[in-house]
Amino acid sequence: VIDPRPFQADLEQSQGQLKSDQAQLSLNERNLQRDEQIGQQRFVSAQQIDVDRAQVENLQGAVAKDQASIDLAKLNLEYCYVRSPNDGRTGRRLVDPGNYVAAGGATLVNIQLQDPVYVDFTISENDLAQLRENMRQASTLKVEVQTPSKPEIVKTGKLSFLDNSVSTQSG
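All of these numbers come straight from a predicted model, not from anything done at the bench.

Glancing now at the confidence of the model for the protein. Interpretation of the predicted coordinates at a detailed level should be avoided for regions scoring low in pLDDT. Confidence along the protein averages 88 in pLDDT terms, with 98% of residues attaining 70 or more. The secondary-structure element of the protein with the lowest mean pLDDT is helix α3 (residues 125–137), recorded at 85, while helix α2 (residues 46–78) shows the highest, at 96.

Here the focus is the pairing of strand β4 (residues 150–158). Both strand β3 (residues 142–147) and β4 contribute to a ladder of six bridges, which runs antiparallel. Across the sheet, residue Glu144 finds its bridge partner in β4, namely Thr156. Taken together, β3 and the strand that follows it, β4, pair antiparallel across an intervening segment of two residues.

Bringing the packing of helix α1 (residues 5–39) against α2 into the picture now. Packing of α1 against α2 brings their axes to within 8 Å, and their N-to-C directions diverge by 160 degrees. As summarised for this structure, α1 and α2 are arranged roughly antiparallel, according to the angle between their axes. Of the two possible hands of crossing, α1 and α2 adopt the one that is left-handed.

Below, the discussion takes up the environment of Ser160. Counting through the fold element by element, Ser160 comes out in the segment after β4. What makes Ser160 exposed here is its relative accessible area of 67%. Taking the C-alpha atoms as reference points, Ser160 and Ile123, 37 residues apart in sequence, are found 15 Å from one another.

Thresholds applied
- Residues numbered from 1 in each chain as written.
- Predicted model: local features only at pLDDT ≥ 70, side-chain atom pairs only at ≥ 80, totals over all residues.
- Heavy atoms only, no water.
- pLDDT = per-residue confidence, 0-100.
- Helix = DSSP H or I, 4+ residues; strand = E, 2+ residues; numbered from the N terminus.
- Pairing = 2+ DSSP bridges.
- Axes fitted to C-alpha atoms, helices over the stretch in contact; angles between N-to-C directions.
- Parallel < 35°, antiparallel > 145°, perpendicular 65-115°, else oblique.
- Left-handed = near helix turned anticlockwise from the far one by under 90°.
- Buried < 20%, exposed > 50% of the residue type's maximum accessible area, 1.4 Å probe, protein only.

In structure tokens:
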């Protein structure tokens with residue numbers, strides 16, 4: 001968490017400016033409407049109606065600008081919180097409180113996904129030809145994975161990628 005108070009203050013300031021500009025816009029729209037009505041009877045000049053219309057358009061622009069300021073302030077406020085895009089288990093943190101961090105800089109912590117689990121494994125050179133033949137015949141191949149420590153837990157999945165190289169250690 002980065003101190004959100006200055007960004008929260010920016011958001012509140014932008015929201016206040018929006019309310020102020022919306023109130024001014026509403027007043028100027030009513031003034032324009034009144035001037036257009038009595039302008040038909042020549043009690044208000046065409047120039048005054050043009051000024052009223054320009055003020056309304058100017059304030060419509062200010063309201064749009066205020067909304068953009070609110071959106072930017074909300075985005076900056078979101079940047080105060082560093083969140084993982086994935087659920088999982090964290091490892092040891094790689095930076096300490098007080099360290100300087102920047103976008104694209106150091107990794108803060110590693111997060112390992114628990115589900116789904118991605119497994120890399122090798123097969124022997126002798127089984128490679130059979131695997132390729134099975135891949136040609138079926139659109140997806142089922143894979144079952146279990147660990148030696150808990151053989152009763154079997155995870156099922158599908159083969160998503162076959163590398164184009166062979167391990168030099170196993171053939």
